[in-house]
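Topology and contacts: notes
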Amino acid sequence: MRILLLVPAMFLLAGATPTCDIVISVEKLRSTKGVLQICLTAQEKHFPDCENDPNARRMTVKANSAMARFTNLPAGNYAAAIVHDENANDRLDKFIGIPKEGIGFSRNPKFSFGPPKFRNAVFAAQSGENRETVRLKYYL
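Predicted model, so just to flag it, every value in this text is computed and none were measured.

Assigned secondary structure in the chain consists of two helices and 10 strands. Helices (α) and strands (β) of the chain occur, in sequence order from the N terminus, as α-β-β-β-β-β-β-β-β-α-β-β. Counting across all 140 residues of the chain, residues that qualify as buried make up 38%. Taking contacts inside the chain between residues at least 6 apart in sequence as the whole, the part at least 24 apart equals 72%. Per element, the accessible surface of the chain, about 8900 Å² overall, is 54% carbon and sulfur.

Structure, rendered in structure tokens:
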């Protein structure tokens, strides 16, 4: 009888989606003031702000930690966007459309006017721990 109960459980486990952790380290901070606002999405249409993405993961960490850990995510493709919110006012401050605070993206793609394309920032996260280092860019 026990064996009959274990067989369906094994099939359920075999079909389980593998999970992963993503550790994002941030480099090139010009100061340790404020916070880092990090958005992680698997959906191109919600990149880079994760707006209206019910599956996006967001995290705010103190800038002096320069690291964030996302746990128990389904393995897959993700892109991250980071804002160094130096004055901790929960937004990216701009001057005539130019960011006054640092911004960065996974895979560190080149960008100048506007954010990079999703395909240039996306990375594969496999089962287990995955590490991504993001270099921030400041314009002003």
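Now for the packing of aromatic side chains. Across all of its chains, the model carries four aromatic pairs by this definition. Taking the centre distance of 5.0 Å and the plane angle of 90° together, the rings of Phe105 and Phe111 count as edge-to-face. Cluster of aromatic residues (ring-pair linked, three or more members): Phe47, Phe105, Phe111, Phe118 and Tyr139. Cation over ring: Lys137 sits above Phe111, and NZ or CZ is 4.8 Å from the ring centre.

Turning our attention to the pairing of strand β1 (residues 19–27). In the sheet, β1 pairs with strand β4 (residues 67–74) via six bridges, with the strands oriented antiparallel. Bridging across to β4, Thr19 finds its partner in Pro74. Summarising the sheet, β1 and strand β10 (residues 128–135) pair through eight bridges and their orientation is parallel. Bridge pairing links Asp21 to Glu129 in β10.

Counted as a void, the largest pocket has a volume near 540 Å³. For the lining of the largest pocket, the secondary structure elements donating two or more residues are β2 (35–41), β3 (57–62), β5 (76–85) and β8 (102–105). Class assignment for the residues of the lining of the largest pocket results in 14 nonpolar, five polar and three charged.

What counts and what doesn't
- Residues numbered from 1 in each chain as written.
- Predicted model: local features only at pLDDT ≥ 70, side-chain atom pairs only at ≥ 80, totals over all residues.
- Heavy atoms only, no water.
- Helix = DSSP H or I, 4+ residues; strand = E, 2+ residues; numbered from the N terminus.
- Buried < 20%, exposed > 50% of the residue type's maximum accessible area, 1.4 Å probe, protein only.
- Contact = heavy atoms within 4.5 Å.
- Areas by Shrake-Rupley, 256 points an atom, 1.4 Å probe, with all protein chains shown as cover.
- Phe/Tyr/Trp six-rings, centres within 6.5 Å; stacked < 30°, edge-to-face > 60°.
- Lys NZ or Arg CZ within 6 Å of the ring centre and 35° of its normal.
- Pairing = 2+ DSSP bridges.
- 1 Å grid on protein atoms, 1.4 Å probe; cavity = no way out; pocket = protein on both sides within 12 Å on 5 of 7 lines; lining within 4 Å.
- Points joined across faces, edges and corners; volume = space filled by probe spheres on them.
- Nonpolar A, V, L, I, M, F, W, Y, C, P; charged D, E, K, R; others polar.

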